[in-house]
Amino acid sequence: MKKAQKQDSHPGTGGELHQQTNADHPPLTTQQGVVISDNQNSLRAHPQGPTLLEDFILREKITHFDHERIPERVVHARGTGAHGFFELTHSLEQYTTAKVLTEVGVKTPVFSRISTVAGGSGSSDTPRDVRGFAIKFYTSQGNWDIVGNNVPVFFIQDAIKFPDLIHAVKMEPDRGFPQAASAHDTFWDFISLTPESMHMVMWIMSDRTLARSLRMIEGFGVHSFRLLDAAGHSTFVKFHWRPKLGLQSTVWDETVKIAGADPDFHRRELFDVLSAGEVAEWEFAVQLFTQAEADKFPFNHLDATKLIPEELVPLQVIGRLVLDRWPDNFFAETEQVAFCPSHLVPGIDFSNDPLLQGRLFSYLDTQLSRLGTVNFEQIPINAPKCPFAHQQRDGHMQMAKPAGRVAYEPNSLSPDSPRADRTTGFVSVALDEGGERGRVRAASFADHYSQARQFWISQSEPEQAHIASALVFELSKVAHPHVREAMVSHLLVIDEVLGQRVADGLGLEELPAPATPAQPVQSMLPSAALSIIGNAKDTLEGRCVGILVADGSDGKTVAALKKAVQAAGARVKIVAPRIGDVVLANDKRLAVDGQLAGTPSVMFDAVALVLSEDAGKALCREAAAVDFVRDAFGHLKAIAADAGAKALLKAASVKSDAGVVDADDHQAFVVAASTRQWVREKSVRTLA
Ligand code: HDE
């Protein structure tokens, strides 16, 4: 029989340890290919004796284990990756020779890694943090990496400040904490002394940094790049990608609880949906503009603390980015993937953004220390998928076997050795860079507050309250009063009301004087693209609904709710006081996906409570059940409840509103669950 396994007792084990052998399994070998006879016992002088140094099998296994870890990324250490493709739907041939941007219909394979910035690789998925969003396009002309973020601007204007920024946000060096959190003195000290970061501060204090799902964030290349046509003419370009499921964030209290309930919340969801055959999808767009147009912008587009409002340069959708396959091996792919903004293909070029210019050096340098060898490009996840040939040789971990005696160019000894090609090769834009050198910054980089104000005035009322409250939360963790005050003086310049609200939240008795901007703050119109709520989709697609049941629940109600929710594109999980099955009122059994105490409602976008009267009453004495309902209400989620669940609603102090519906009214539940109940918020928490 195929599955039959023979159990051997082993000499020296007294028979209490058993090794399973199976004729269908391949033999276990050493790295040298020698078949191992016993993988449970090391070689010993006698049953009570010492282990022998001679045991090369033990030494090989443990030596390899000892070296399993590589340095984690200096920043962006925690990340999640997936394979997929980029499909061009609209050609940019008028602007570029890059085939990836001109060959409509071609699906270019990609690998993308989405990461947090501040925490170590073992930190949780959901701190308040910018998300790195890097994409490696394996194009037919070589690898092209967009190493972007989920926020379109950055903290600083010049790469020389990056180590200071990261040192300030990471755990403080004397104490080794906090992990993955910006709410501490050194971060806000640095920020309060860096006015150029004010625009970014607005973004990170907004709910943009509290992503509900990696499938519900935007992506931005941040810097301006150039597209080059065959004649060498260049057009500036900014890259954007927007989630098909719409933007969605969690509320702060929910975010904090998710970190405890499931530190792998984001990666688990992506794993689950990709494994179930769903995909993550973004529409991929560009903003294109010329130097002449850029000269008229009221800011410098080479300054990465600025975005180009969509009202000024509209987005053109040119394709779609789809992630559809989880990697086979996390370490080999997600950990070893090495992104470098310097990886470009012909037809695309850099701009003079001083932040980008510094990055062009940093990434290759950091990969050398992280992956340990110049040959990291040969690791399968990093190698191009198009033909490549060069004269680079040797180095640690050379995996290839380049043949022949010629490893140089020009040569006359090898007629088929590779040669440079002027017609298809990479060309840089021809620019006159005349000017006076120096450690300088353009005067046009000096306006630090206008776009911060534009961001603030573009937010809806609940979003403004979240930003003000996030600032109060973060600054209340700062022990130095002068740092808190310095931040309030910046906020007063961004918007007086914002500054006042944060000052009130911090209990400042006297308002500090507003900071003095280097340039007058420009008056700007709100931009619709900047609000999350304004860009959320009222949909249940891609979301997850939890149904709380217990023994005696009505099976028909559960089945009908499940059907309606699934028809709206969401997943359903059954939660019950214990794992296994519950016995429904009709004596049928229903499989349970999550045990109540380990599956709080923060895991879901909306919840339904289907309980018998007895179970409803019994659960009123169960803190996990009361919290399940109270949190769903407090996190502004829709709640469907049947008659038996009414007692639990009461125990959780749930007040009736548009988001609390009858379990039989599926239509009302789907509508309410497709959004958050923003109007409820004022009744459940005090915001700044
Ligand atoms: Fe990075 N950044 N960065 N960065 N960055 C790294 O490279 C750096 C910046 C971004 O999933 C490092 O492999 C400098 C902006 C992402 O593997 C390092 C500056 C943006 C990732 C590095 C910046 C990013 C990194 C650390 C200031 C958005 C993760 C480990 C000039 C446009 C990629 C590594 C992945 C990673 C340097 C600023 C995005 C040290 C010097 C702006 C998505 O090379």
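Residues numbered from 1 in each chain as written. Predicted model: local features only at pLDDT ≥ 70, side-chain atom pairs only at ≥ 80, totals over all residues. Heavy atoms only, no water.

Asker: Which residues make up the overall build of the protein, and what are the values?
Answerer: Of regular secondary structure, the protein possesses 19 helices and 20 strands. Taking 26 Å as the expected radius of gyration for a compact globule of 688 residues, we find that the protein reaches 29 Å, a close match to that expectation. Split into buried and exposed, the 688 residues of the protein put 51% on the buried side. Long-range pairs, those at least 24 residues apart, make up 71% of the contacts in the protein between residues at least 6 apart in sequence. If you sum the accessible surface of the protein, you get close to 32,600 Å²; carbon and sulfur atoms cover 54% of it. Side-chain charges of the protein comprise 68 positive and 84 negative groups, with the mean position of each set lying 3 Å from the other. (Helix = DSSP H or I, 4+ residues; strand = E, 2+ residues; numbered from the N terminus. Rg over C-alpha atoms; globule rule 2.2 N^0.38 Å. Buried < 20%, exposed > 50% of the residue type's maximum accessible area, 1.4 Å probe, protein only. Contact = heavy atoms within 4.5 Å. Areas by Shrake-Rupley, 256 points an atom, 1.4 Å probe, with all protein chains shown as cover. Lys, Arg positive; Asp, Glu negative; His and termini not counted. Charge placed at Lys NZ, Arg CZ, Asp CG, Glu CD.)

Asker: Residues and numbers for the coordination of the iron atom of the ligand, please.
Answerer: For a metal with four donors in a tetrahedral arrangement, the ideal angle between donors is 109.5 degrees, while six donors in an octahedron ideally sit at 90 or 180 degrees. Just one protein atom donates to the iron atom of the ligand; it is Tyr363 (OH), sitting 1.8 Å from the metal. By the secondary structure assignment, Tyr363 is in helix 9 (residues 354-371). (Donors = N, O, S within 2.8 Å, 3.2 Å for Na, K, Ca; no water.)

Asker: Account for a negative patch on the surface, naming residues and giving values.
Answerer: A surface patch of like charges, here negative, comprises Asp554, Asp662, Asp664 and Asp665. In this structure, Asp665 sits in the loop between strand 20 (660-662) and helix 18 (666-673). (Patch = residues over 30% accessible without salt bridge, like charges linked within 9 Å, V, L, I, M, F, W, Y side chains within 5 Å. Salt bridge = Lys/Arg side-chain N within 4 Å of Asp/Glu carboxyl O.)

Asker: Describe the confidence of the model for the protein, and please don't skip the residues or the numbers.
Answerer: When pLDDT is averaged along the protein, the result is 95, and 97% of the positions lie at 70 or above. Long-range and interchain partners of residues 1-18, a stretch whose pLDDT sits below 50, account for 26 contacts in this model, where long-range means more than four residues apart. (pLDDT = per-residue confidence, 0-100.)

Asker: Describe the sheet that holds strand 13 (residues 544-548), with residues and values.
Answerer: Read across the sheet, six strands follow the order 17-14-13-18-19-20 without closing on themselves; strand pairing throughout is parallel. Looking at which strands have only one partner, the edges of the open sheet turn out to be strand 17 (594-595) and strand 20. Of the strand pairs in this sheet, strand 13 and strand 14 (residues 571-576) are connected by five bridges, and their pairing is parallel. Considered in strand 14, the bridge of Gly546 is made with Lys573. (Pairing = 2+ DSSP bridges.)

Asker: Help me get a handle on the pairing of strand 4 (residues 107-116), residues and values and all.
Answerer: Where burial is concerned, most of strand 4 is hidden: eight out of the ten residues are buried. With nine bridges joining them, strand 3 (residues 79-88) and strand 4 adopt antiparallel strand pairing. Paired with His83 across the strands is Phe111, a residue of strand 4. Summarising the sheet, strand 4 and strand 5 (residues 131-139) pair through seven bridges and their orientation is antiparallel. Its bridge partner being in strand 5, Val110 is matched across the sheet by Phe137.

Asker: Which residues make up the site of the ligand, and what values go with them?
Answerer: Taken together, 20 residues surround the ligand, and among them Arg73, Arg113, Arg359, Ser362 and Tyr363 come closest. The side chain of Arg73 places a nitrogen or oxygen atom 2.6 Å from an oxygen atom of the ligand. The contact in question runs from a nitrogen atom of the ligand to an N or O atom on the side chain of Tyr363, over 2.6 Å. Secondary structure elements with two or more residues in the shell around the ligand: strand 5, strand 6 (142-149) and helix 9. Among the elements that line the shell around the ligand, the one with the most residues is helix 9, at six residues. (Near = heavy atom within 4 Å. Polar contact = N/O pair within 3.5 Å; in protein donor to acceptor, adjacent residues only side chain to side chain.)

Asker: An account of the nonpolar core is needed here, citing residue identities and associated values.
Answerer: In terms of nonpolar packing, the biggest core is built from 54 residues, with Phe155, Trp188, Ile191, Leu471, Ile494, Leu498 and Val502 touching the most fellow members. Contributing elements (two or more residues each) for this core: helix 2 (162-169), helix 3 (185-192), helix 4 (198-205), helix 10 (450-457), helix 11 (461-476), helix 12 (481-494) and helix 13 (496-505). Counting 39 residues, the second-largest nonpolar core is a separate cluster that includes Ile217, Leu270, Leu274 and Val286. (Core = buried A, V, L, I, M, F, W, Y, C linked by side-chain atoms within 4.5 Å.)

Asker: A description of a nonpolar patch on the surface should follow, citing residues and the corresponding values.
Answerer: Together, Leu364, Leu368 and Val374 make up an exposed nonpolar region whose accessible area comes to about 240 Å². Among the structural elements, Leu364 can be located in helix 9.

Asker: Can you lay out the pattern of salt bridges for me, pointing to particular residues and giving the numbers?
Answerer: Overall, the coordinates contain 32 salt bridges when judged by the stated rule. We note a salt bridge from Lys637 to Glu254, for which the minimum N-O separation is 2.8 Å. In this pair, Lys637 sits in the loop between helix 16 (623-634) and strand 19 (638-641) while Glu254 sits in helix 5 (residues 252-261), placing the two residues 383 residues apart along the sequence. A relative accessible area of 1% means that Glu254 is categorised as buried. Among the charged side chains, a network of salt bridges with common partners joins Arg78, Asp125, Asp262, Asp264, Arg267 and Arg268.

Asker: Please set out the packing of aromatic side chains residue by residue, giving values where relevant.
Answerer: In this description, a pair of aromatic rings is defined by centroid distance and the angle of the planes. For the structure on display, the rule yields 21 aromatic pairs. Relative to Trp144, the ring of Phe137 lies with its centre 4.5 Å away and its plane at 25°, an arrangement referred to as stacked. Phe137 sits in the buried class, given a relative accessible area of 0%. Geometrically, the ring pair formed by Trp241 and Phe284 is stacked, given 5.8 Å between the ring centres and 15° between the ring planes. Separated by 43 residues along the polypeptide, Trp241 in strand 9 (residues 234-243) and Phe284 in strand 10 (residues 280-289) bring together distant segments of the chain. Of the residues examined, Trp241 reaches a relative accessible area of 0% and is grouped as buried. Lying over the aromatic face of Trp252, Arg128 brings its terminal NZ or CZ to 5.0 Å of the ring centre. Its guanidinium or amino end placed over the ring of Tyr138, Lys385 lies 4.3 Å from that ring's centre, counting from NZ or CZ. (Phe/Tyr/Trp six-rings, centres within 6.5 Å; stacked < 30°, edge-to-face > 60°. Lys NZ or Arg CZ within 6 Å of the ring centre and 35° of its normal.)

Asker: Tell me what's going on with the pairing of strand 18 (residues 606-609), and back it up with residues and numbers.
Answerer: The two faces of strand 18 match: Ala606 and Ala608 on one face and Val607 and Leu609 on the other face are all buried. Note that strand 13 and strand 18 share four bridges and pair parallel. If you follow Val545 over to strand 18, its bridge partner there is Ala606. Inspection of the sheet shows strand 18 paired to strand 19 by four bridges, in the parallel sense.

Asker: A description of helix 11 should follow, citing residues and the corresponding values.
Answerer: End to end, helix 11 covers 22 Å across 16 residues, agreeing with the expected 22 Å (1.5 Å per residue, within 8%). Counted residue by residue, helix 11 has 13 buried out of 16 residues, so it is predominantly covered. (Expected span 1.5 Å × (residues − 1).)

Asker: I'd like a description of unusual backbone geometry, backed by residues and values.
Answerer: For the bond from Phe177 to Pro178, the omega torsion is 0°, close enough to zero to count as cis. Relative to the elements of secondary structure, Pro178 occurs in the loop between helix 2 and helix 3. Positive phi, close to 70°, is recorded for Val222, a residue that is not glycine. By the element assignment, Val222 lies in the loop between strand 7 (219-220) and strand 8 (225-228). Judged by relative accessible area, which is 9%, Val222 ranks as buried. The residue Met397 is not glycine, and still its phi comes out positive at about 60°. Counting through the fold element by element, Met397 comes out in the loop between helix 9 and helix 10.

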